[in-house]
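# Chain and residue survey
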Amino acid sequence: MFADRKENTIDRSKAAASERVTIPVTGMTCAACQSFVQRTLADQAGVRDANVNLMLNNATVTFDPRVASIAGLVESIRSTGYGASELSPNASVLEEQEQHDVEQLREYKQLRVKAAVSLASGCVAMLLSMPLMGMTDAGTSRLHDPLMSWNMRVLDPILRKALPWIYELSGDTIRWFLFALSALIVAWAGRRFYTKAWSALLHKTADMNTLVALGTGAAFLYSAASTIAPGFFLAHGIAPDVYFEAGLLIIGLVLVGNTLESRAKGQTVTALRKLVQLQPKTATVLKDDVEATVAIDSIQAGDLILVRPGERVPTDGEVVSGRSSVDESMLTGESLPVEKVAQDRVIGGTLNQNGAFQYRAAALGSGSTLSQVVRLLREAQGSRAPIQRIADRISAIFVPTVLGIAAVTFLAWRAFAPHAGVMQAFAAAVTVLVIACPCAMGLAVPTAVMVSTGRGAAFGILIKGGEALQRMEKIDTVVLDKTGTITTGRPQVTDVLGIAQNEAGSDTADAAIRIAAALERASEHPLAEAIVRYAREHELSLSQPEEFESLPGLGVLGRVDGDSAMVGNAALMEKFGVSTDSLLSAAMRYAEEGKTPLWIAVNGKLAAMIAVADTIKPTSLAAIRQLHAEGLRVVMLTGDNERTAQAIARTVGVDEVIAGVLPAGKVEAIQRIQAERRLVAMVGDGVNDAPALAQSDVGLTMANGADIAMEAGDVTLMRNDLTGVATAIALSRNTMRVIRQNLFWAFIYNVIGIPLAAGALYPVFGLLLSPVIASAAMALSSFSVVANSLRLRNLKLA
């Protein structure tokens, strides 16, 4: 079904001197981290393209193996201070995803514990700090913290009654206890911020960790100095206050934000996780009629596998015996079970329902449908939408700009409000550092892309990346191939007209069909196959033809059960002098309906007429109505003749028909439509559609189509019908709406938050933002962006 390609850590592109590798990257926490790693990789010799994904914590690099190496790329990432490692070359894409899920869960649990302990410690420190507020000598300046002021007004009276012993402790005892508690939390829970900030400094860059480390580090160092040398501060008229609680609460709240992000990240890859869990760990293999349970990795191509009711199909293959219905909804989005009999194809990971069957294993490992679907989905979720460049450009200069704003804030407070004291200027600068986190900008686009592509996969729609997702939003014209796309691509007998009663299903018609099918058994023509299939479906007994001759362009003739017979077009009947006048009007009516009339003559006389057509898929009419409901113009593009094409067009309701075109003509037709300033989505399934798919703005291919067509397309429809086209476009439009919402809120948060943190409202309203409140706002900003993207999981598309 999918092109067999080397995958896992390396996907070889079509160019001989090009390789693609996906490298796990650890330690990234914001858009600035992502941007720094991406720039570093892009600057390496031999690297043609580098894409770093903050959500999947990996880097996908396309490089020239003659110039660069995987080991060198890994080392370049490590040199930036972030972790990187090579995956095992033998690991399958399913194993890679399982490993990623395990690491994601481990990170979430670690962050959750650190956040809880830090917040609890911060609350203890805040309670212990309240008695200290009344222990400062008059005439000294002190930090005006709105949160602490509220605590003193509201909580202090309650605390004095509930825990009076706290107020009996000496100031030195409280300070030294808080110093020890803060040092422990800073070294344990806050260590990640300081080590990454230091690494960024060594590489002459800055990120979110720089902001948090500066803010909390300054609060801790000032408080430590106040604890160790209070006399120095008193001598300079400054209260030796400690602000350990602010540092601890900031660390705790930032970690809460990281924890919520980590949990949300896990939810964005729900679709991937469900797909990976589809593959069973073992299979029942039959060897010499003996059942043996073997590990999935031990299955060999050609093994005979038994699948019982309620079991999942271990691998792809072809049914040998038995009958059952199989639930393929997780891969195709089709809610109804699919009947499986001998010679039918089964897909690994699908769920067998009420019957048992045996099948031969075919595609294994990386070549299986499930592995290929997971690989395509991982690549899509790791890709970038063009709109991401907006966030990337801002993130590249954001942190240095914030550092500058914090410095200006400190100087402005000292210059314009000297009466507020040094500590108020210091507090405002710290608040600016803490509130201005670029995480939300870095998460705005990839979270939406990940959730959207996962949601699409649940409907059997594999979107190959963020770029295709974004382009699809603006599509205004959908061009549909006819054969195999609108129609089944498999000719079927639609009407049978006997000469005696002049109606379908008469005895004369059945006899004629039996003779025609017996004769057509020797032909390989698609129309012949349709006649034979019709006879077998109606349980007609077929004899072996005694003589057989094929006349190209006319039909076939021979002898069956002692009777001479011929089956073919009107020209064949005319050649042998068989009159067709009695059924001529019916034949003309069928032709107008896009059907092909075939005549049957027995012993020189007309016996029946068969109408054969490539029938329209049951879902095509409803799907085209959906496209019209989305405001799209629908064009049918086919190599078939004009009359047949127009007949089908009238039935399904397309807006325009372009018929009788060769593959090169299809490309020219797409170009003509694009010249009208229209954005075109092309839907096809054959090799002859590949050039047109590549020319279109977005190419959509059927999963049962040729591999080359699937490679040319941007979207793969796992279900073999058109319903996924309108669904994919609707998903794209909703996703881009969410992305713009995310970017707006990420930007507006900083536009509003930074001035508030700097004290812009203080001169008029006397309002100040506490560093602790700033840290809470920063944590919630990132979480809100991810939560908004997660709404796409519940999007109703069908």
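The name that an unreviewed UniProt entry assigns to the protein is P-type Cu(+) transporter, with the source organism given as Silvibacterium bohemicum.

## Points about the sheet that holds strand β25 (residues 680–684)
With respect to topology, 7 strands assemble into an open sheet ordered β15-β27-β26-β25-β16-β23-β24, the strand pairing being mixed. On the outer flanks of this sheet lie β15 (461–463) and β24 (656–658), each paired with one strand and no other. Within this sheet the neighbouring strands show an average axis-to-axis angle of 20°, counted without direction. The pairing of β25 with strand β26 (residues 698–702) spans 4 bridges and is classified as parallel. The residue of β26 that forms the bridge with V683 is L700. Against the sheet, helix α27 (residues 723–758) contacts β15, β16 (477–481), β25, β26 and β27 (715–717), and its axis sits at roughly 45° relative to β15.

## So, unusual backbone geometry
Even without a glycine there, the phi angle at D289 is positive, about 65°. Within the secondary structure, D289 is located in the loop between β6 (282–287) and β7 (290–295).

## Section: helix α19 (residues 526–537)
Look at α19: 16 Å from first C-alpha to last across 12 residues, which is about the 16 Å you get at 1.5 Å a residue. When we look at burial in α19, the residues that qualify are A528, A530, I531, V532, R533, Y534 and A535.

## Here we look at the UniProt feature "transmembrane region" (unreviewed entry) in the protein
With numbering aligned to this structure, UniProt lists the feature "transmembrane region" (unreviewed entry) at residues 115–133, 173–190, 211–236, 242–260, 394–416, 422–445, 743–762 and 768–790. Structurally, residues 173–190 is divided into 89% helix and 0% strand, and its ends, taken at the C-alpha atoms, are 24 Å apart. Counted over residues 211–236, helix gives 92% and strand 0%. Its end C-alpha atoms are 29 Å apart.

## Overview of helix α14 (residues 422–435)
For α14, which comprises 14 residues, the first-to-last C-alpha distance of 20 Å matches the rise-based estimate of 20 Å (1.5 Å per residue) to within 8%. The element α14 is largely enclosed, with a buried count of 13 among its 14 residues.

## A closer look at the nonpolar core
L41, I77, M472, V478, L700 and V725 are the most contacted members of the largest nonpolar core, which has 140 residues in total. Once residues within four sequence positions are removed from consideration, I77 is found in contact with I23, V25, V37, L41, A59, Y82, G83 and A84. The next biggest cluster of nonpolar side chains, apart from the first, holds 28 residues, and it includes V493, A516, I531 and V567.

## Description of the packing of aromatic side chains
Under the criterion given, the structure shown has 8 aromatic pairs. Relative to Y359, the ring of F357 lies with its centre 6.1 Å away and its plane at 50°, an arrangement referred to as tilted. You can call Y359 buried: its relative accessible area is 0%. By the ring-pair criterion, three or more aromatic residues cluster together here, those being W176, F179, F220 and F244. The lysine or arginine in question, R589, covers the ring of Y590, its NZ or CZ lying 5.2 Å from the ring centre.

## Points about a nonpolar patch on the surface
Together, V751, I752, L756, L761, V764, F765 and L767 give the surface a local cluster of nonpolar side chains, amounting to about 660 Å² of exposed area. Of all the elements in the fold, those that place two or more residues in the nonpolar patch are α27 and α28 (762–765). Ranked by residue count, the leading element in the nonpolar patch is α27, at 3 residues. Here L761 shows up in the loop between α27 and α28.

## Observations concerning the confidence of the model for the protein
Per-residue pLDDT for the protein averages 82, and the proportion of residues at 70 or more is 88%. Confidence drops under pLDDT 50 across residues 1–16; counting only partners more than four residues distant or on other chains, this segment forms 51 contacts. For residues 137–143, every residue scores under 50 in pLDDT, and the model assigns this stretch 21 contacts once sequence neighbours within four places are set aside.

## What about the pattern of salt bridges?
In this structure the tally under the stated criterion is 18 salt bridges. Its salt-bridge partner being R740, residue E473 comes within 2.9 Å of it at the nearest N-O pair. Taken together, the residues E473 in helix α16 (residues 466–473) and R740 in helix α27 connect sequence positions 267 residues apart. A relative accessible area of 13% means that E473 is categorised as buried. Two residues, E676 and R678, come together in a salt bridge whose shortest N-O distance is 4.0 Å. What makes E676 partly exposed here is its relative accessible area of 47%. Sharing partners across several salt bridges, the network here consists of D476, R633, E656, E676 and R678.

## With respect to the sheet that holds strand β12 (residues 345–346)
The strand order across the open sheet formed by 6 strands is β7-β6-β8-β14-β9-β12, and the pairing between neighbours is antiparallel. Both outer strands of the open sheet, β7 and β12, are each paired with one neighbouring strand and no more. Here 6 bridges tie β6 to β7, and the two strands are oriented antiparallel to one another. The residue of β7 that forms the bridge with K287 is V290.

## Side note on the environment of Q492
Within the secondary structure layout, Q492 lies in strand β17 (residues 487–498). Overall, the relative accessible area of 33% leaves Q492 in the partly exposed class. C-alpha separation for the pair Q492 and T615, spaced 123 residues apart in sequence, amounts to 6.7 Å. Excluding residues that lie within four positions of it along the chain, Q492 makes contacts with A530, R533, A611, V612, A613 and T615. Here T615 takes part through its side chain, which lies 3.3 Å from a polar atom of the side chain of Q492.

## Quick notes on the pairing of strand β2 (residues 19–26)
Each regular strand shows side chains that alternate between the opposite faces of the sheet. Counting buried positions over the 8 residues of β2 gives 6, a clear majority of the element. Of the strand pairs in this sheet, β2 and strand β4 (residues 58–63) are connected by 6 bridges, and their pairing is antiparallel. Within β4, the residue paired with T22 across the bridge is T60. For β2 and strand β5 (residues 83–84), the ladder comprises 2 bridges, and the chain directions are antiparallel. When the bridges of β5 are listed, T26 appears paired with G83.

## As for the environment of A428
Relative to the assigned elements, A428 resides in helix α14. Between the alpha carbons of A428 and A758 there is a distance of 5.3 Å; along the sequence they are 330 residues apart. Once residues lying within four places of it in the same chain are set aside, the contact partners of A428 are T409, W413, A757 and A758.

## Observations regarding the packing of α16 against α27
Put simply, α16 and α27 touch, their axes get as near as 8 Å, and they point 100° apart. Taken as axis vectors, α16 and α27 run roughly perpendicular relative to one another. On the side of α16, the interface is formed by L469, Q470, M472 and E473, while α27 contributes A728, I729, S732, R733, T735, M736 and R740. A per-class count over the contact of α16 with α27 returns 5 nonpolar, 3 polar and 3 charged.

Procedures and definitions
- Residues numbered from 1 in each chain as written.
- Predicted model: local features only at pLDDT ≥ 70, side-chain atom pairs only at ≥ 80, totals over all residues.
- Heavy atoms only, no water.
- Pairing = 2+ DSSP bridges.
- Helix = DSSP H or I, 4+ residues; strand = E, 2+ residues; numbered from the N terminus.
- Axes fitted to C-alpha atoms, helices over the stretch in contact; angles between N-to-C directions.
- Contact = heavy atoms within 4.5 Å.
- Expected span 1.5 Å × (residues − 1).
- Buried < 20%, exposed > 50% of the residue type's maximum accessible area, 1.4 Å probe, protein only.
- UniProt positions renumbered as here; feature names shortened; annotations may be inferred.
- Core = buried A, V, L, I, M, F, W, Y, C linked by side-chain atoms within 4.5 Å.
- Phe/Tyr/Trp six-rings, centres within 6.5 Å; stacked < 30°, edge-to-face > 60°.
- Lys NZ or Arg CZ within 6 Å of the ring centre and 35° of its normal.
- Patch = residues over 30% accessible without salt bridge, like charges linked within 9 Å, V, L, I, M, F, W, Y side chains within 5 Å.
- Areas by Shrake-Rupley, 256 points an atom, 1.4 Å probe, with all protein chains shown as cover.
- Salt bridge = Lys/Arg side-chain N within 4 Å of Asp/Glu carboxyl O.
- pLDDT = per-residue confidence, 0-100.
- Polar contact = N/O pair within 3.5 Å; in protein donor to acceptor, adjacent residues only side chain to side chain.
- Parallel < 35°, antiparallel > 145°, perpendicular 65-115°, else oblique.
- Nonpolar A, V, L, I, M, F, W, Y, C, P; charged D, E, K, R; others polar.

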